[in-house]
Amino acid sequence: MAGKSFKGTRSNLSSSSDIPDPLGKPPIPSVTFGRRTSSGRYISYSRDDLDSEIGSGDFMNYTVHIPPTPDNQPMDPSISQKVEEQYVSNSLFTGGFNSVTRAHLMDKVIESETSHPQMAGAKGSSCAIPGCDAKVMSDQRGEDILPCECDFKICRDCYTDAVKTGGGVCPGCKEPYKNTDLDEMAMESALPPLPLPLPNGMSKMERRLSLMKSTKSVLMRSQTGDFDHNRWLFETKGTYGYGNAIWPKGGGFGNGKDDDVVEPTELMNKPWRPLTRKLKIPAAVLSPYRLLIFVRMVVLGLFLTWRVNNPNNDAMWLWGMSIVCEIWFAFSWLLDQLPKLCPINRSTDLNVLKEKFETPTLSNPTGKSDLPGIDIFVSTADPDKEPPLVTANTILSILATDYPVEKLACYVSDDGGALLTFEAMAEAASFANIWVPFCRKHAIEPRNPESYFSLKRDPYKNKVKSDFVKDRRRVKREYDEFKVRINGLPESIRRRSDAYHAREEIKAMKLQRQNREDESVESVKIPKATWMADGTHWPGTWLTSSSEHSRSDHAGIIQVMLKPPSDEPLHGADGTIDEARLIDLTDIDIRLPMLVYVSREKRPGYDHNKKAGAMNALVRASAIMSNGPFILNLDCDHYIYNSQAMREGMCFMMDRGGDRLCYVQFPQRFEGIDPSDRYANHNTVFFDVNMRALDGLQGPVYVGTGCLFRRIALYGFDPPRSKDHHQGCCSCCFTGRKKNKHASVAHTPEENRALRMGDSDDEEMNLSLLPKRFGNSTFLIDSIPVAEYQGRPLADHPAVKNGRPPGALTIPRELLDASIVAEAISVISCWYEDKTEWGDRVGWIYGSVTEDVVTGYRMHNRGWKSVYCVTKRDAFRGTAPINLTDRLHQVLRWATGSVEIFFSRNNALLASPRMKILQRVAYLNVGIYPFTSIFLIVYCFLPALSLFSGQFIVQSLNVTFLTYLLVITLTLCMLAILEIKWSGIDLEEWWRNEQFWLIGGTSAHLAAVIQGLLKVIAGIEISFTLTSKSGGDDENDEFADLYIVKWSSLMIPPITIMMVNLIAIAVGFSRTIYSVIPQWSRLLGGVFFSFWVLAHLYPFAKGLMGRRGRTPTIVFVWSGLIAITISLLWVAINPPAGTNQIGGSFQFP
């Protein structure tokens, strides 16, 4: 293994380091406190001081220009940039606070051989120079790049030495290298052509920003600075060949005014088709639904008024408790029901998306994809609770998704820094070499291999290619071997580490003997390290934790597992079967999306903010490495079930008005749930009723996974045209003032108008404040306007505001170099967020275990909208805990987060005027619903108290009370039927949701309220544990986890409620039978409500029984003692009137 270290500095990249000479001469090398690369450039990599406010006087930035000499002849840019990227993809980058950023050149990443040319450690030819074991430079196909006609194999470093110190003579044939041969080789190897000359003094970032600085034409300079011939035709009135009819001779477009962007008449006359449609619920369903809500509100108001005016004088305490609970239940029902007044459905048109973005047009003659890039985040933290095989399958489904390969980048956040996850990722990247082309060739769905090979339906249905059966059999065999390797990784890593550790101990003992010849040699103890496949220490968490190598103390790590693909499709060899891929890939694109492993730096004494902190680290690293304007985040157990899901989400983002969407939320669908869905794991009432209803307001809430974000919305910017959309309710009274505001907006530059951050409408964008908000990485700050521009919809219609010209994103992305990855290491360090607004206003928001809801709330609060995308084929699928205890702990975590939200500044009562009223009601319900548990538990005990006392919540069961009760029950049932009608859920799913609402409300929600109050009042932090994704002990039973009973204190309240109600029913019957004057009406009322409670708790009781009687005895002992104590205590306090005897022999104390 070779290592290179870069001393961190505070300076940035020199603006002249990447500028080709206009006359075609090699670029002039420059140095700004950094190392010299093989291309002759000197690069700065990172900073070495935490405080950004010092250093301006302590460190002086300067640039030294070194003229070309016979000893300093940089490599041709077309080759050097590609070789630099190959070096980066084969290096493991580490670094962090007060440490040097290092690039470890990896000989191999995993034990098995890798063959795909994009993968780190890919197998290749060895250098022919004696004493050099480096790999030969290779192209996108993995074929050797040989700079001399004699085909002498030479690596990058040896070639550089031959050019600079060997007189440019080939070591093989002793003939001089020819630059023309290099250019031809670059073209033959599908390398990007040399860029046309750029203006002097234009840097990389200025080249990017030039996209936003010209609004005079629809066609602009390309992002990389390549000469735009179409723009030249228009702006210089030039022509190619005969005609050029599209451009009018006057040089302008139609009726445009000043700087307005107007399409040519030929384009204007073309019918404009929307990408999405809003499907309203039929009025025959929605109108009665709204009417019933209004009727039930009126009835509840009348009922509560009657209850207050008719107290039960015989049991005022019982009446008082019941009336307080009923008033709260009515209030809670209103909070839940009001946001459901405007449910809608939506649909997308993928054919229109393809026509607009991937079909040859006048502005995109080649038909290359004009879709924006997407960065996909996969988060994992503990390979013990989140099996690597599950994560690997999720990654494979991402790599095989149906989206332009060059526009995708997948980032895997390993917050545990485990070598097991790292090597599992590498194995997945290796297996993708055959899996991804197989999916593309045969249109496989789903593209998660574990799910695909587990399908119970006929796998050969609708498969037309003759070699499908043979290909499937071969891929299945490869996948079985892949699973064996993944499952064997823990033992493989342990054995490898033990072997290397034994070798190191032997070396240490030999060294000790040499130093102490006559003295006795004692046993040498050295730290037991974890070793990588190339025989070097793993920089992350070791199996045996030690200083700087534990879960909470390790360096930041970035490894480019799959380097960015080429811009053009790379098809399999014609007419032959690749031995490495086993299947015929003729005319099949074999490129793979970019795949990056990221483990952020962790150090003691820093608050790493759990998942939210890991997500923010990925946001910064991805902004520097790929800067996709959109971000899709997935949990490690949520895979892509519909390969076109991202296209469906992009339909909303790229449609008219899509620039005001902060995210597109997809519903969560789950696999492995028991057929009866005992604990409402599918949660269909929330995902198909509540979320569809919110879609008709300002948009659904963010639920943590399966969400496509707009990057600049995560950055905390306001939506474009926010002032136009939020004029307030008194705009008619202050028209003059509004005109002045709009006038000031009109004079604001377009790029600043689209990037505005401020809670008040008067606040303008202040670019000087960006470093304090985002940190002192100029790479990151400079990427923000680029991401904003690339995320705009197409300006293909006058109604599309804040758009971009067609064809602007057909250019290739910039190649990776070491400086980019080193900067990414810097922004994932533990100190980077200090004195910034990350987690407060920027990125995922800190301070709550439900960071997802808070993050979505902040975006809606700034005026953004969101959309709910329900696809015909489920977009994503994941797993959910079917075990009772795990399910209760999951609900506990959600409810605890809601309590935190209620007691924070994220309470919807404090929302800004930009949030709609009903949206505010929905968020208020999110923070309040756990408090319903207090009243729910009291109400569940009321039937038992009624039976014990012989009283009821009303004086008598008269006609008025029964009529109100009947109407309230009937309206509830009718509302449920109509909800089922417009949402498409089943009646059984609705009932399961009602049952688990009571189960969770009497257990987890109450505990959440207590924990939340303890945190607010006493400052006691709440512990957070991962939900286990592993299966049960019984491998032959898919639902083995369902029957496992694990002790939890959360079980005590529901068990107590059940036992108290059962005892109360028995006592009530006995009391009534042996009473002098039986009160049957009160008995029936109490028994009815007791059965209502027990019916809701039935799934809980069934779960306690288990399958083999595994319920802990302590559960029944404690619950029984509590129930008996409460029952006897009550009878002792209030014995039956007139006698204390029931049945003659049974005596009450």
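Residues numbered from 1 in each chain as written. Predicted model: local features only at pLDDT ≥ 70, side-chain atom pairs only at ≥ 80, totals over all residues. Heavy atoms only, no water.

J.: For the overall build of the protein chain, give the residues involved together with the corresponding values.
T.: Scanning the protein chain for helices and strands turns up 34 helices and 22 strands. Going through the 1149 residues of the protein chain one by one, you find that 56% of them count as buried. When contacts within the protein chain are restricted to residue pairs at least 6 apart in sequence, those whose partners lie at least 24 apart make up 77%. For the protein chain, the exposed surface amounts to about 49,300 Å²; the carbon and sulfur share of it is 57%. (Helix = DSSP H or I, 4+ residues; strand = E, 2+ residues; numbered from the N terminus. Buried < 20%, exposed > 50% of the residue type's maximum accessible area, 1.4 Å probe, protein only. Contact = heavy atoms within 4.5 Å. Areas by Shrake-Rupley, 256 points an atom, 1.4 Å probe, with all protein chains shown as cover.)

J.: Break down the pairing of strand E13 (residues 594-599) for me, with residues and values.
T.: Within E13, six of the six residues are buried, leaving the element largely enclosed by the surrounding structure. Here E13 shows a buried face lined by Met594, Val596 and Val598 and a second buried face lined by Leu595, Tyr597 and Ser599. Bridging between strand E11 (residues 408-414) and E13 involves five bridges; their strand directions are parallel. Bridged to Cys410 within E13 is Leu595. For strand E12 (residues 556-562) and E13, the ladder comprises five bridges, and the chain directions are antiparallel. (Pairing = 2+ DSSP bridges.)

J.: Mind laying out helix H26 (residues 917-928), listing which residues take part and the relevant values?
T.: Between its first and last C-alpha atoms H26 spans 16 Å; for 12 residues at 1.5 Å apiece the expected length is 16 Å, and the two agree. By the criterion of burial, H26 is predominantly enclosed, with nine of the 12 residues buried. Three or more residues of H26 are buried, namely Gln919, Val921, Ala922, Tyr923, Leu924, Asn925, Val926, Gly927 and Ile928. Those residues of H26 that are buried lie in contact with helix H8 (316-337), strand E16 (661-665), helix H16 (684-695), helix H24 (851-861), helix H25 (884-902) and helix H27 (932-949). (Expected span 1.5 Å × (residues − 1).)

J.: Could you give an account of the packing of H16 against helix H28 (residues 959-983), with specific residues and numbers?
T.: Here H16 crosses H28 at 80°, and the two axes come no closer than 10 Å. Put simply, H16 runs roughly perpendicular to H28. Contacts between H16 and H28 involve Asp688, Val689 and Arg692 from the former and Glu979, Trp982 and Ser983 from the latter. For the contact of H16 with H28, a count of residues per class yields two nonpolar, one polar and three charged. (Axes fitted to C-alpha atoms, helices over the stretch in contact; angles between N-to-C directions. Parallel < 35°, antiparallel > 145°, perpendicular 65-115°, else oblique. Nonpolar A, V, L, I, M, F, W, Y, C, P; charged D, E, K, R; others polar.)

J.: Kindly report on the packing of helix H31 (residues 1052-1073) against helix H33 (residues 1098-1105), identifying the contributing residues and their values.
T.: The N-to-C vectors of H31 and H33 enclose an angle of 105°; their axes lie 11 Å apart at closest approach. With respect to H33, the axis of H31 lies roughly perpendicular. Where H31 approaches H33, its residues Pro1054, Ile1055 and Met1058 are matched on the opposing element by Phe1100, Ala1101 and Leu1104. When grouped by side-chain class, the residues that make up the contact of H31 with H33 number six nonpolar, no polar and no charged.

J.: I'd like a rundown of the pattern of salt bridges, residues and numbers included.
T.: Oppositely charged side chains can form a pair if their charged atoms are brought close together. Within the structure shown, the criterion is met by 44 salt bridges. We note a salt bridge from Arg494 to Glu491, for which the minimum N-O separation is 2.2 Å. Separated by three residues within a single helix, Arg494 and Glu491 lie in helix H13 (residues 468-515), roughly one turn from each other. Since its relative accessible area comes to 33%, Glu491 is described here as partly exposed. Bridged by salt links that share partners, the residues Arg669, Glu671, Asp688, Arg692, Asp874 and Arg877 form one connected network. (Salt bridge = Lys/Arg side-chain N within 4 Å of Asp/Glu carboxyl O.)

J.: Kindly report on helix H22 (residues 778-790), identifying the contributing residues and their values.
T.: Along an α-helix, residues three or four apart share an orientation, since each turn contains 3.6 residues. The end-to-end C-alpha separation of H22 is 19 Å, in line with the 18 Å expected for 13 residues at 1.5 Å each. At Ile784, H22 shows its maximal kink, close to 30°; a proline, Pro785, follows between one and four residues later. The element H22 is largely enclosed, with a buried count of 11 among its 13 residues. Looking at H22, one finds that the buried residues are Phe779, Leu780, Ile781, Ser783, Ile784, Pro785, Val786, Ala787, Glu788, Tyr789 and Gln790. (Bend = angle between axes of the 7 residues up to and from the residue.)

J.: Any chance you could break down the side chain of Lys441 for me, citing the residues and the numbers?
T.: The topology assignment puts Lys441 in helix H11 (residues 419-442). Within polar-contact distance, the side chain of Lys441 engages the backbone oxygen of Asp584 at 2.8 Å. Filtering out sequence-adjacent residues up to four positions away, Lys441 remains in contact with Lys465, Asp467, Asp471, Asp584 and Ile588. (Polar contact = N/O pair within 3.5 Å; in protein donor to acceptor, adjacent residues only side chain to side chain.)

J.: Talk me through a positive patch on the surface; I want residue IDs and the actual numbers.
T.: On the surface, Lys278, Lys280, Lys865 and Lys916 cluster together into a patch of positive charge. With respect to the element layout, Lys916 can be found in the loop between H25 and H26. (Patch = residues over 30% accessible without salt bridge, like charges linked within 9 Å, V, L, I, M, F, W, Y side chains within 5 Å. Lys, Arg positive; Asp, Glu negative; His and termini not counted. Charge placed at Lys NZ, Arg CZ, Asp CG, Glu CD.)

J.: Can you break down the nonpolar core residue by residue, with the values?
T.: Note that soluble globular proteins tend to have their nonpolar side chains buried in a common cluster. Of all hydrophobic cores here, the largest spans 158 residues; its most connected members are Tyr411, Ile558, Met625, Phe709, Tyr715, Phe774 and Phe1100. With 82 residues, the next largest nonpolar core counts Cys410, Ala424, Phe468 and Leu562 among its residues. (Core = buried A, V, L, I, M, F, W, Y, C linked by side-chain atoms within 4.5 Å.)

J.: Residues and numbers for the sheet that holds strand E15 (residues 639-640), please.
T.: Reading across from one edge, E15-E20-E17 is the order of the three strands in this open sheet, with mixed pairing throughout. The outermost strands of the open sheet, each flanked by one partner alone, are E15 and strand E17 (669-671). Pairing of E17 with strand E20 (residues 876-879), which is carried by three bridges, proceeds in the parallel orientation. Along E20, the bridge assignment pairs Phe670 with Gly878.

J.: Describe the packing of aromatic side chains, and please don't skip the residues or the numbers.
T.: If you walk through the whole model with that rule in mind, you get 45 aromatic pairs. Look at Tyr663 and Tyr702: their rings are 6.1 Å apart centre to centre, the planes differ by 55°, and that puts the pair in the tilted class. Here Tyr663 is found in strand E16, whereas its partner Tyr702 is found in the loop between H16 and strand E18 (707-710), with 39 residues between them in sequence. Neither residue differs from the other here; Tyr663 and Tyr702 are each classed as buried. Grouping aromatic residues by their ring pairs yields a cluster made of Phe431, Trp435, Phe438, Tyr452, Phe453, Phe468, Tyr479 and Phe482. One Lys or Arg, Lys476, reaches over the ring of Phe453 and ends 5.7 Å from the middle of that ring. (Phe/Tyr/Trp six-rings, centres within 6.5 Å; stacked < 30°, edge-to-face > 60°. Lys NZ or Arg CZ within 6 Å of the ring centre and 35° of its normal.)

J.: Let's hear about a nonpolar patch on the surface: which residues, and what values?
T.: On the surface, a cluster of nonpolar side chains totalling about 450 Å² of accessible area is made up of Leu291, Phe294, Val295, Val298 and Leu302. Tracing the backbone shows Phe294 in helix H7 (residues 283-309). Accessibility expressed as a relative area gives 52% for Phe294, which makes it exposed.

J.: Account for the confidence of the model for the protein chain, with residues named and values stated.
T.: Here the protein chain averages 77 in pLDDT, and 71% of its residues register 70 or above. Ignoring residues within four places in sequence, the model shows residues 1-66, a span with pLDDT below 50, making 158 contacts including any to other chains. Taken together, the stretch residues 725-752 has pLDDT below 50 and engages in 27 contacts with residues farther than four places along the chain or on a different chain. (pLDDT = per-residue confidence, 0-100.)

J.: Report on unusual backbone geometry, specifying residues and quantitative values.
T.: The omega torsion of the bond from Glu445 to Pro446 falls at -10°, within 30 degrees of zero and hence cis. Locating Pro446 in the fold gives a position in the loop between H11 and helix H12 (449-453). Even without a glycine there, the phi angle at Asp587 is positive, about 65°. Within the element layout of this structure, Asp587 appears in the loop between E12 and E13.

J.: Talk me through the environment of Arg877; I want residue IDs and the actual numbers.
T.: One can find Arg877 in strand E20. In sequence terms Arg877 and Tyr639 are 238 residues apart; their C-alpha atoms lie 5.6 Å from each other. With residues up to four places along the chain from it excluded, the contact list for Arg877 reads Asp637, His638, Tyr639, Tyr641, Arg669 and Glu671. Separated by 3.4 Å, the side chains of Arg877 and Glu671 make a polar contact. Engagement of the side chain of Arg877 in a polar contact is seen with the side chain of Asp874, the distance being 3.2 Å.

J.: Break down the environment of Met974 for me, with residues and values.
T.: When you line up the elements, Met974 lands in helix H28. Separated by 685 residues in the primary sequence, Met974 and Tyr289 have C-alpha atoms spaced 8.3 Å apart.

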